[in-house]
Amino acid sequence: MGRAKTIARRTFLIGSAAIAGGVAFGAYTVARPIPNPLLDRIGEGEAALTPFVIITGDGITLIVPRADIGQGIESLQAHLIAEELDIDPHSATLDPGQPHAAYHNSALAADGVPFPHYHDGAIARIARAGAAAGARVMGLQFTGGSTSTADLHVALRQAGANARETLKQAAANRTGLTRSDLRTNDGAVILPDDTRIPYTDLAADAAAIDLIEDVPLRMPAQWRLLGKPVQRTDSVAKSTGAMTYGIDVRLPDMLFATIRRNPGIGGAVLSVDDTAARAMAGVRAVVPVSGGIGVIADNTWRAFNAAQAVTVTWGAPDYPATSAEMWRVLEGAGTRANRNSRLRNDGKVDDALAQSQVLSAQYRAPFLAHAALEPLSATVLYTPQRLEIWTATQVPAVLRDKAAELAGLPRDAVTLHLLHAGGSFGRRLDIDYVLPAIELAMIVPGTPVQTTLTREEDMTHDFPRPMHLARMRGAVQDGRVRAFDMDAISPSVVDSWFGRIMFAPPGPDALIVLGAYDQPFAIPNYRVTGYKAPPLVPVGSWRAPGACANTFFHDCFLDELIHAAGADPLEERLRLITHAESRRVLEAVGEMSGWSGPQLGQGRGRGVAYAYAHGVPIAAVVDVAMTDAGIRIERAWIAGECGTVYDPVNAEAQVTGSFLWGLGHAMDAELTYEDHAPVQTNFDRFRGLQMYQTPRLEVRLLGQADHVRGLGEPATCAAAPALGNAIFAATGTRLREMPFSKGMQFA
Amino acid sequence: MQLQVNGTTHYLDVEGDMPLLWVLRDVLNITGPKYGCGIAQCGACTVHVGGEAVRSCQLPVSDVWGDVTTIEGLAAGGTLHPVQAAWIAHQVAQCGYCQSGQIMQAIDLLARNPAPSDADIDDAMSGNLCRCATYPRIRAAIHDAAATMQEG
């Protein structure tokens with residue numbers, strides 16, 4: 001019965017995916033070729049070989065459409081093309097391009113269907129294909145979900161290969177040789193007599209012939225860049241102060257601005273007194289913007305000061321004022337009426353719980369800000385004919401469309417200058433920081449205006465990770481975990497975020513249970529139910545959304561059950577997992593750490609955790625020690641499986657960074673609310689990890705799987721549970737609420 | 001008001017209480033030092049004044065007591081500072097936004113302590129936040145730079 005219901009629920013979802021995808025648009029619309037957007041921007045004698053490669057007499061430009069928010073994807077995109085094109089990626093101009101359907105993200109859409117990645121049945125495949133078709137038709141150019149590499153790795157290598165063979169054909173036509181007689185090396189076609197014809201000399205010839213397509217890709221053994229330690233394309237600029245982030249844009253005659261919006265998001269502006277602000281030095285304008293006021297001045301500091309000098313009376317928003325009230329809403333939200341999904345329902349959970357002594361627990365995760373180190377900003381030049389925007393965004397197509405609408409201009413009158421972000425962690429999936437900057441620029445047509453948020457405004461108006469609550473029940477028998485029942489309760493990130501940038505899609509919100517329903521355990525009686533709580537503060541995607549909280553609940557409660565069963569934490573997880581890749585990462589982390597159980601002697605302890613997130617199984621072991629000053633994290637070992645590792649140096653950085661991100665926030669970070677607004681609005685009260693807290697880490701990526709997945713988020717999910725389990729091993733105290741600093745002091 | 005930055009003398013007409021950070025960024029267009037918090041809690045704005053690392057977001061320009069060096073002033077003459085070279089070799093940067101401040105802080109540390117231990121590095125660097133958590137590579141790069149500078 002449970003299974004029939006699950007299938008019925010999923011079938012409904014497939015309907016949604018298919019409507020969003022191919023079916024509603026018709027087969028022709030879905031299959032129709034997407035034109036090459038670069039043909040519109042090149043001149044006479046210049047070649048746009050695929051949507052990713054431009055060759056002119058002056059040089060080579062690679063289009064790298066996924067946004068670099070620190071994860072190194074600019075560099076990897078360039079290396080994927082360069083491997084086949086036979087160029088030095090550091091010699092090319094790298095350009096994110098303008099948003100276009102050619103750069104849509106199929107993988108992100110396909111990941112949105114409510115099936116675990118390892119589930120490859122017919123219905124799952126159809127659902128993914130439908131969602132991917134929808135992304136193609138709607139031109140969803142998103143950077144997120146750790147999908148950039150999974151989505152583009154073949155397309156970019158193929159673009160490089162097709163462009164290379166087309167350049168060879170152009171050289172063949174010019175010399176009278178055949179293409180198979182020619183080689184390529186370092187940006188040139190090489191003739192049999194070793195004469196070099198630089199690609200740049202072949203631009204006009206290549207532009208005049210048809211693109212050669214479907215060129216076979218090189219085998220990994222032939223790679224000279226991929227899979228090898230290479231230099232990121234942005235390392236030098238980021239080590240010399242030369243990188244231009246959004247906040248660093250400097251244009252002639254530019255003015256500087258800031259905004260102050262209602263700290264109660266969505267509340268009204270009841271009254272404004274800007275008399276003092278208008279009289280301040282350098283202030284050019286104090287004007288209303290959506291949700292608050294904006295100040296334009298001749299430098300950012302004066303704009304900040306003037307904005308603070310405006311007296312505003314804010315109206316209350318329509319959500320509870322305090323964290324305590326919000327927790328009460330969540331505690332009461334696990335009702336039948338709010339039941340939103342039951343995507344895991346194996347065995348007979350109710351029977352198993354009725355027959356055994358039940359272990360039960362409640363787990364909690366708090367609101368968390370993204371708090372990227374670069375405060376949000378956008379620079380805008382408006383004229384009645386055109387709109388130019390300099391900023392960093394993960395959703396350029398959405399931004400272009402909304403900006404055009406706001407400015408009353410056609411979409412093609414909007415030019416985006418897409419820049420590296422000084423961090424994002426999901427924050428730049430929203431565009432709320434750009435729209436008021438457009439409003440301000442429209443006050444002074446013809447003059448560029450850079451709008452920068454203060455740190456306090458940035459954090460007050462974050463769209464945080466939601467508070468998340470889990471009710472857990474379970475049972476053990478004969479030394480084994482026999483039943484696991486989890487209710488996850490949270491406001492919907494999908495409704496809130498999609499509602500802001502597009503429209504809230506129909507169907508259950510899988511993020512409420514992501515990182516729980518999709519864990520590949522073969523527990524005989526195993527159920528995960530999602531409850532959609534009423535909206536509280538508007539929320540957003542925070543590194544590994546959904547899973548960043550649920551994997552903590554799921555793995556730590558599993559650890560509780562394993563302890564109750566008297567089993568070894570690593571051995572019992574291995575016994576319960578049939579998924580081969582997941583077994584391998586658990587075995588690997590056991591070997592790396594020399595696992596021989598959670599006890600390390602007086603005052604020390606060891607925790608193992610496992611999480612499946614974004615298609616990547618991750619296992620981690622953490623060692624902690626009690627010191628006079630509190631718990632100290634000594635060491636961590638992390639093993640993961642993402643398939644082919646294209647850039648091993650950066651892959652290690654992503655795993656390390658996302659794991660430490662998970663540790664730091666689990667230890668000591670939260671947003672609490674008073675008067676409808678977060679109390680923590682700067683780094684004096686919200687830090688994440690600091691250097692002195694950073695343990696020694698070792699990372700191993702197995703690289704054996706035949707699929708490719710991304711690494712920006714998954715390791716986040718193993719951090720909190722590994723730490724919680726280690727603290728239990730060292731102290732006997734089970735921490736069920738993040739941040740752990742509520743129940744434990746850290747050194 | 002006169003301000004010496006990276007070897008160039010600037011004549012300024014600004015309020016004395018304007019923080020050095022904003023003078024550099026918005027008046028002189030020297031954007032390597034970053035705005036992160038405005039309250040000396042993140043270290044992204046770190047520059048050297050008279051050879052000492054300071055948080056420029058909390059230093060009124062009228063209180064600047066010596067020559068100012070920013071990240072842009074390190075590689076004068078086209079040669080990277082050994083700390084910068086180590087940062088590149090270790091590929092420390094992820095988003096990179098904090099790294100100007102990290103590098104300026106690390107150079108200050110090595111000037112006072114040419115062979116720092118991990119604990120010395122933790123003490124000196126823990127006020128510089130890196131939200132990407134590049135801390136393990138920062139440690140490794142500082143050790144490497146220390147070795148290079150001692151050889152040199």
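Above: the structure in question.
My aim in this report is to walk through the structure given alongside it, one point at a time. (Residues numbered from 1 in each chain as written. Chains lettered and ligands numbered in written order. Predicted model: local features only at pLDDT ≥ 70, side-chain atom pairs only at ≥ 80, totals over all residues. Heavy atoms only, no water.)

## Some words on helix 21 (residues 716-731) of chain A
Residue and element names in this part refer to chain A.
Then step 1. Taking 1.5 Å per residue as the helical rise, helix 21 with its 16 residues ought to reach 22 Å, and the 24 Å between its terminal C-alpha atoms agrees with that figure.
Then step 2. Counting buried positions along helix 21 gives 15 out of 16 residues, so the element sits mostly inside the fold.
Then step 3. Remark: Gly732 follows helix 21 within two positions and exhibits a positive phi of approximately 80 degrees. (Helix = DSSP H or I, 4+ residues; strand = E, 2+ residues; numbered from the N terminus. Expected span 1.5 Å × (residues − 1). Buried < 20%, exposed > 50% of the residue type's maximum accessible area, 1.4 Å probe, protein only.)

## Considerations on the interface of chain A and chain B
Then step 1. Chain A puts 61 residues into the contact, and the matching count from chain B is 47 residues.
Then step 2. Here chain A meets chain B over a buried area of about 4400 Å², counting both sides, of which 56% is carbon and sulfur.
Then step 3. Broken down residue by residue, the surface that chain A buries against chain B is led by Trp301, Leu373 and Met691 of chain A, which jointly contribute 21%.
Then step 4. Counting the contacts that link chain A with chain B gives 5 salt bridges.
Then step 5. Remark: the boundary between chain A and chain B carries 35 residue pairs in polar contact (both at pLDDT 80 or more).
Then step 6. The element that contributes the greatest number of residues to the side of chain A that touches chain B is helix 20 (residues 648-668) of chain A, accounting for 9 residues. (Contact = heavy atoms within 4.5 Å. Buried area = accessible area lost by both parts, 1.4 Å probe. Salt bridge = Lys/Arg side-chain N within 4 Å of Asp/Glu carboxyl O. Polar contact = N/O pair within 3.5 Å; in protein donor to acceptor, adjacent residues only side chain to side chain.)

## Let's talk about the sheet that holds strand 23 (residues 616-627) of chain A
All names here are of chain A.
Then step 1. Spatially, 4 strands are ordered 22-23-24-27 in an open sheet, and the strand pairing comes out mixed. Across the chains shown, the open sheet's two edge strands, defined by having one partner strand only, are strand 22 (604-613) and strand 27 (696-701). Across the sheet, the mean angle from the axis of one strand to that of its neighbour is 20 degrees, orientation sign disregarded.
Then step 2. The pairing of strand 22 with strand 23 spans 10 bridges and is antiparallel. (Pairing = 2+ DSSP bridges. Axes fitted to C-alpha atoms, helices over the stretch in contact; angles between N-to-C directions.)

## Overview of the pairing of strand 11 (residues 292-297) of chain A
All names here are of chain A.
Then step 1. With 6 of 6 residues buried, strand 11 lies mostly within the body of the structure.
Then step 2. In this sheet, strand 11 lies alongside strand 8 (residues 255-261) in antiparallel orientation, the contact comprising 6 bridges. By the bridge assignment for strand 11, Ile259 is matched with Gly294.
Then step 3. Pairing geometry for strand 10 (residues 283-289) and strand 11, over 6 bridges, is antiparallel. By the bridge assignment for strand 11, Pro288 is matched with Ile293.
Then step 4. Turn length for the strand 10-strand 11 hairpin, with the two strands adjacent in sequence and antiparallel, is 2 residues, and the turn residue Gly291 shows positive phi of about 85 degrees.

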